[in-house]
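Summary of structural features
Chain by chain, the residues run as shown.
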Amino acid sequence: MLSIIQYPHPTLRHKAKPLRRVDAELQTIVREMFALMYKAKGVGLAATQVDLPYRLFVVNLLSDPTHPEEEQVFLNPVLTKPHGLDTAEEGCLSLPGLYGDVKRPERITIDAYNLTGEHIQGEVSGLMARVVQHETDHLDGVLFIDRISPTRKLAAKDDLYEFETIFAGQRERGELPGDTAILARLQELEKQRC
Ligand code: ZN
């Protein structure tokens, strides 16, 4: 059973590894990721947000399970050819309730594989460009709070502290493993599929 982890869980800072194998279990993982994303009303979800070390994310810009034709799965994404700049407000399922303006290229080319192993490539713009950049950031251990202005970050200090306090409480109660155990598990999963 997967669940969405929240800041400052260390897996959110882990650099995910390219996938070498797509097996039945990975297909199940992807279905679970979509289900979690819909439940949280998000438009994108990266594997590191469900405590998995794979370069994989899922997107449905409508965030609507009755529109499965809008579902997209990206494995081993590579972003190139950024064009333009656009500022828009972002949020994150790993930092629920926190929002901030982030400046990103307005258009970008994405190269990736889908779940059936087909190579997909294309230029994306608008919301799709923003989402693929936000999610690819996750695979590199980067969060949108790393890209907000210093003033906004200062204003978010209390919110971040609250997330940190909740996390420390979960650790104290033994609800979450320690950093070493978390890393060992990620490395074990990487050995199997990366
Ligand atoms: Zn996010």
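This text goes with the structure placed above it.
Everything numeric in this text was worked out from a predicted model, so none of it was measured.

Quick notes on empty space enclosed by the protein
With the rule as written, the count across this model stands at one cavity of 30 Å³ or more. Together, Asp-86, Pro-105, Glu-106, Gly-126, Ala-129, Arg-130 and Gln-133 line the largest cavity. The element best represented in the lining of the largest cavity is helix H2 (residues 126-139), accounting for four residues. When grouped by side-chain class, the residues that make up the lining of the largest cavity number two nonpolar, two polar and three charged.

Digging into the pattern of salt bridges
Applying the stated criterion across every chain, the model contains 19 salt bridges. The salt bridge involving Arg-130 is made with Glu-90; its shortest N-O contact spans 2.6 Å. Of this pair, Arg-130 sits in helix H2 while Glu-90 sits in strand S4 (residues 86-90), and the two are 40 residues apart along the sequence. For the pair Arg-130 and Glu-90, a shared accessibility class is recorded, and that class is buried. One network of salt bridges, with partners in common, ties together Asp-86, Glu-90, Arg-104, Arg-130, Asp-137 and Arg-147.

Here's the deal with the side chain of Asp-23
For Asp-23, the position within the fold is in the segment before helix H1 (24-39). At 2.9 Å, the side chain of Asp-23 and the side chain of Arg-21 are in polar contact. At 2.9 Å, the side chain of Asp-23 forms a polar contact with the backbone nitrogen of Leu-26.

Overview of the environment of Gly-141
Considering the arrangement of structural elements, one finds Gly-141 in the loop between H2 and helix H3 (150-155). You can call Gly-141 buried: its relative accessible area is 8%. Measuring from C-alpha to C-alpha, the distance between Gly-141 and Lys-15 comes to 5.2 Å, with 126 residues separating the pair along the chain. In contact with Gly-141, not counting residues within four places along its chain, are Leu-12, Arg-13, His-14 and Asp-146.

Details of the pairing of strand S2 (residues 56-59)
Of the two faces of S2, the one lined by Leu-56 and Val-58 and the one lined by Phe-57 and Val-59 are each fully buried. Both strand S1 (residues 44-46) and S2 contribute to a ladder of three bridges, which runs antiparallel. Paired with Gly-44 across the strands is Val-59, a residue of S2. Of the pairings in the sheet, the one linking S2 to strand S3 (residues 72-83) comprises four bridges and is antiparallel in character. Note that in S3 the partner of Val-59 across the bridge is Gln-72.

Analysis parameters
Residues numbered from 1 in each chain as written. Predicted model: local features only at pLDDT ≥ 70, side-chain atom pairs only at ≥ 80, totals over all residues. Heavy atoms only, no water. 1 Å grid on protein atoms, 1.4 Å probe; cavity = no way out; pocket = protein on both sides within 12 Å on 5 of 7 lines; lining within 4 Å. Points joined across faces, edges and corners; volume = space filled by probe spheres on them. Helix = DSSP H or I, 4+ residues; strand = E, 2+ residues; numbered from the N terminus. Nonpolar A, V, L, I, M, F, W, Y, C, P; charged D, E, K, R; others polar. Salt bridge = Lys/Arg side-chain N within 4 Å of Asp/Glu carboxyl O. Buried < 20%, exposed > 50% of the residue type's maximum accessible area, 1.4 Å probe, protein only. Polar contact = N/O pair within 3.5 Å; in protein donor to acceptor, adjacent residues only side chain to side chain. Contact = heavy atoms within 4.5 Å. Pairing = 2+ DSSP bridges.

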